[in-house]
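# What the coordinates show
Listed below, chain by chain, are the residues.
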Amino acid sequence: MPPARKSNKLTRKELQQLKDYGQLDPLGAMGAENELDELISKAISKSSHGRFSGVIPSDSDSRHRSGRGRGRDRFRDRSTRLERGPALSKSQKGVRPDAYTKLLKSLSSSANAPIMTPAPIVSDDEDDNELMEQSDDDAIDDDNDVNDMSESSVNSDGADEATEDQSYEVDEVDRDADDSDIDDKAHDDSGPTTGSEEFAEVYEAHDFMGAHFSDEASALMNQKVAAATQKEYNHVTVNDPVLGPGILYDIGDGGLKEENPRPLKQRLVKPFNKLNNRDGFTDFQRGLFNWMDQYRDVVYANRSFERDDDITTVYTLHAMNHVMKARERERKNNVKLSKAHASGTDAGELRDRGFTRPRVLILTPFRNTAYKIVKKILKLASSDEVSNTARIDKEYGPGEEDDSENKTYARKPVDFQQTFAGNIDDSFRIGMKFHFNSVKPYADFYRADIIVASPIGLRMTTGSERGDRKDFDFLSSIEMVIVDQCDVLLMQNWDHVLQIFNCMNRTPKKDHGCDFSRVHNWLLEGMAEYRRQTILISEYMTPEIQAIFNNNCRSIEGKVRFKPVMQGAVTDVVAQVPQVFKRLNVKRLATAADDRFVHFTENMLPELEKSAAKDKHTLIFVSSYFDFVRIRNHCRDRGFSFAAISEYSTRTEAMHARMDFYKGDLQFIIYSERAHFYHRYPIKGIHHMLFYSLPDHPLYYSELVSLMLTSNDETASSAQLTCTAIYTKYDQLKLERIVGTSLAPQLLTGERSQFTFA
C-alpha cells in the first residue's frame, strides 16, 4: 500500500468515493492503475472480512464517473444509498450517529489504521420494521427513476448501444423479514404474508443450492475442483425408470443423492400447479427436476415433441427457483446490512452476488420456443405488474396465419410442422428482470436476472473474438446455462454456441458498479466455471454435444448424461430395398474427411458415372456442408451433369433441379442435410440412394429410403432400387441411431467391412 499522505484531511472527491464504495482507506488505492484484475486481487487479499472490506476504483476511474449525465448520477446515488443502508428514522437519528460520520472520525485520527467494529447489535422490532419499510419504499421509488434507462441500453431486442458503466442494481428489502437465512414467505395474489402464514423451508439437510454456491473453503471443495479439472470421475450406471439409462460422472463419494423434499420456493408452488394443470410434478417432471435441483451438469439426449412441454416447464421452473432463492438471499443480507448500519456495527462478510446481475442464460434456436419460455416464466412469477406484454406477443408470438403457407406445412412431416410452427426468426435476445412483485421483460442485460436468446442473437451483442466491438461482461457471473434443442442449433451454426461458452465466466473488463465485498469468493478467484450448472437438451447425442459435456461441464457436483437405447431407423424403412453399409477404414480422426473424399472420388464416383449411362436417378446425400461444397466443386470441375440443393438454394432452383432429376436430364443430385431439415423437399424418381455420410437425424434416413418407393409411381421396381451408406469407426453415434444400439458394435468392429440389411 502506498504511504499515507501527510495530511489526514480528505478532499471532496475522496469523501464522495468513501460514500460510494464504503472503503475504509480511501487513500490506499490512490495512484493505482485502473485495472479490474488488480482491484479483484486486492479484494481477495483483504485480511478483514467486514462490510467495508471492498476496494475503490482508481482516481482516473472516479473522474470518468464524475462526468456522467444527470440520469446516471441519479442512478449512482441510488446505488450509494442502498449500499450504505436505508435512511434512518427520526427516532434513530436522535440515538445513533450516522455510520459515515463515525467512519470519518476514525479516519481523521488514523488514516492508515483499519476500523474494527464490534459485533452486530440487534435492534428493537419496532425500529426494524420502520427501517425496512423506509428502505423498501426508497428502493422502489429509485427503481422507477431508472426504468426509462433500460429501454435505451443494449442487449435486449430493439435496444441501442450499451452504456459504458452499468451498476449492479440492488433489490429492495423485504418487509417483515428477519435475520434468518432459511425462512421463506408464503405467496399469494395479495403479496407476502406475515404471522402464522409465514412458511419456513427446510434447507439444512437438502439445500443443494446453498451447499453448491457456498463460499466456505474446505479441503473437500478443493478436492472436487481438482477432480473436475483432471476429469477424475467415478462412473456410476444409472437406470432411471422414467428418464432411461444414463451414466453419472460422480466426484468424490457423493453418489446418488436423496431428493429434496421441498425443492421449490413456496411462492412458486401455486403458480406451478396452475401452469402444470395439476398438483405437483408428473413422474417425468419429477425425475428430470431432481437431477437439475442437485446442480449437476445434465445432458438429456432423448427429447421428443410429446415431452417438449414438460421439459420446458421443468427447466424454466428450475431457473425461476434458482433466481428467487438467490434474490431472496440478497434481500435478507440487505436487511442485515440495514440493521448493522443503523446500529453502527459490522454485519460481517456477506457474499451473495456476482460481478454482474444476470444469473441464468437460456439458449434456444427460434423465437417460437423463446415465446413459450417467456410465457412460462411470467406465469411462474405471477407478478402484479408485468410490462411490455403486448410487445412480447407482437415480436415473439405466432402472428397472423398464412393460408397458403399452412397448406404447404400440412404436407410436411409432423416433426417439421412442430419445429417451424409460429415465429421462426433465429436472431433475438431478451433480458428479464424480477423486482419484488414486478417483472420487466426487455430489461438491459446488466439489470436482468434471466437472459433468453438465440446463439446468433447473443453473438451480435458479444461481437466476434477479433472484432473491436466486444461486450460480454454480462456473462461473467452466469450460474446456470440451459441449451435447449441442441439438435436444431446444430443445423444453424454451432460455432456461435461454442463462442458463447468461451465468453462465459470470464473476469469482466469493467467493474460496472460492482461491490466487491458482496461478490462470491469463488468468482473473485476465477473458479466460476466449477459452480456453473450446464443443462443440454437434445433429441440425440452428437460429438459436438459430447465435446461440450467433456470440456465445458465442470460442476463440482458432477454430471450426468442420459442417452437412450436406440432401436434403429432401419426398422422404420417401408420400401423393400437392400441397404448396404460399407465401413471405410481410416487411421486418424484428423484425416477421416480426406480419406472419405478420396475413396468417393476414386472408387465410387467413376462407377456412378458408368451406371449413369443406363440409370441416372441417383441421389447423393451429404450431412456436412463442408463436404457438400467439396463434392460440388469437384463434380463441377469434372463436367458432370448434376444439380446441388443446399439450404441456400432458392425454391425456384430446387424446383427446377427436382424436375430435371425426375425426367432423367441429370446424372445425379447432391442433397445436403440442412436442406432437408429446412425444406423437406419430396424428391421424386430416386432409384439409387447414396449416403456419402450418415445423417445426424435418424428420421431422415428412413424418410429418404422410403421415399424411393413412394415417389417413383411404379417407374422402377423394387429390384432396381439400391441404397448404399458409407461410415467410419468415428460415426458410432450416428450408426447407433441408424442400425440400433445392439448392432452398432458389430458393424464397427466386425471382421467384414460390408453389411446388408434387406
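Details of the structure are given in the entry above.
The notes below deal with the structure included here. (Residues numbered from 1 in each chain as written. Predicted model: local features only at pLDDT ≥ 70, side-chain atom pairs only at ≥ 80, totals over all residues. Heavy atoms only, no water.)

## A closer look at helix H11 (residues 283–293)
- The buried fraction of H11 is high, at nine of eleven residues.
- Tyr295 sits one or two residues past H11 and shows a positive phi near 60 degrees. (Buried < 20%, exposed > 50% of the residue type's maximum accessible area, 1.4 Å probe, protein only. Helix = DSSP H or I, 4+ residues; strand = E, 2+ residues; numbered from the N terminus.)

## Quick word on unusual backbone geometry
- Positive phi values are uncommon outside glycine, yet Tyr295 reaches one of about 60 degrees.
- One can find Tyr295 in the loop between H11 and strand S5 (297–300).
- Relative accessible area serves as the criterion here: at 2%, Tyr295 is assigned to the buried category.
- Although it is not a glycine, Gln485 adopts a positive phi angle of roughly 55 degrees.
- Along the chain, Gln485 falls in the loop between strand S11 (480–483) and helix H18 (486–489).
- Residue class for Gln485 comes out buried when judged on its relative accessible area of 3%.

## Regarding the nonpolar core
- Counting 62 residues, the largest nonpolar core has Trp291, Leu317, Met320, Ile362, Phe434 and Ile450 as the members making the most contacts within it.
- In this structure Leu317 touches Leu264, Leu268, Phe272, Phe281, Phe289 and Leu380, once residues within four positions along its chain are discounted. (Core = buried A, V, L, I, M, F, W, Y, C linked by side-chain atoms within 4.5 Å. Contact = heavy atoms within 4.5 Å.)

## Some remarks on the sheet that holds S5
- Strand order in the open sheet formed by eleven strands is S3-S4-S13-S5-S12-S11-S6-S10-S8-S9-S7, and the pairing between neighbours is mixed. Each edge of the open sheet carries a strand with a single partner, namely strand S3 (234–240) and strand S7 (385–386).
- In terms of strand pairing, strand S4 (residues 244–250) meets strand S13 (residues 559–562) through four bridges, oriented antiparallel. Considered in S13, the bridge of Gly246 is made with Phe562.
- The sheet contacts of helix H21 (residues 543–551) involve S4, S5, strand S12 (533–537) and S13, and relative to S13 the element is tilted by about 165 degrees. (Pairing = 2+ DSSP bridges. Axes fitted to C-alpha atoms, helices over the stretch in contact; angles between N-to-C directions.)

## Re the side chain of His520
- Along the chain, His520 falls in the loop between helix H19 (494–503) and helix H20 (521–524).
- On the basis of relative accessible area, His520 is assigned to the buried category, the value being 6%.
- Beyond its immediate sequence surroundings of up to four residues, His520 is in contact with Phe213, Asp215, Arg351, Asp352, Arg353 and Glu479.

## Notes on the sheet that holds strand S18 (residues 688–691)
- The mixed open sheet is built from seven strands, whose spatial order is S16-S17-S15-S18-S19-S14-S20. Looking at strand neighbours, the two that pair on one side only are strand S16 (642–645) and strand S20 (754–757), the edges of this open sheet. In this sheet, adjacent strand axes meet at a mean angle of 15 degrees when their direction is disregarded.

## Some details on the packing of aromatic side chains
- A complete count under the given rule lists 26 aromatic pairs for this structure.
- Ring centres 5.8 Å apart and planes at 40 degrees place the aromatic pair Phe213 and Trp522 in the tilted group. Separated by 309 residues along the polypeptide, Phe213 in the loop between helix H8 (208–212) and helix H9 (219–230) and Trp522 in helix H20 bring together distant segments of the chain. The same class applies to Phe213 as to Trp522, namely buried.
- When the ring of Phe420 is compared with that of Tyr678, the centres are 6.0 Å apart and the planes differ by 50 degrees; the resulting orientation is tilted. Residue Phe420 is located in the loop between helix H16 (414–419) and strand S8 (429–435), and its partner Tyr678 is located in helix H25 (residues 673–679); the two are separated by 258 residues in the primary sequence.
- Relative accessible area serves as the criterion here: at 4%, Phe420 is assigned to the buried category.
- Note on Tyr678: relative accessible area 24%, which makes it partly exposed.
- In textbook terms, an aromatic cluster arises when at least three aromatic residues are bridged by ring pairs, as seen for Phe366, Phe416, Phe420, Phe677 and Tyr678.
- Sitting above the plane of the Phe305 ring, Arg303 keeps its charged end 5.5 Å from the centroid. (Phe/Tyr/Trp six-rings, centres within 6.5 Å; stacked < 30°, edge-to-face > 60°. Lys NZ or Arg CZ within 6 Å of the ring centre and 35° of its normal.)

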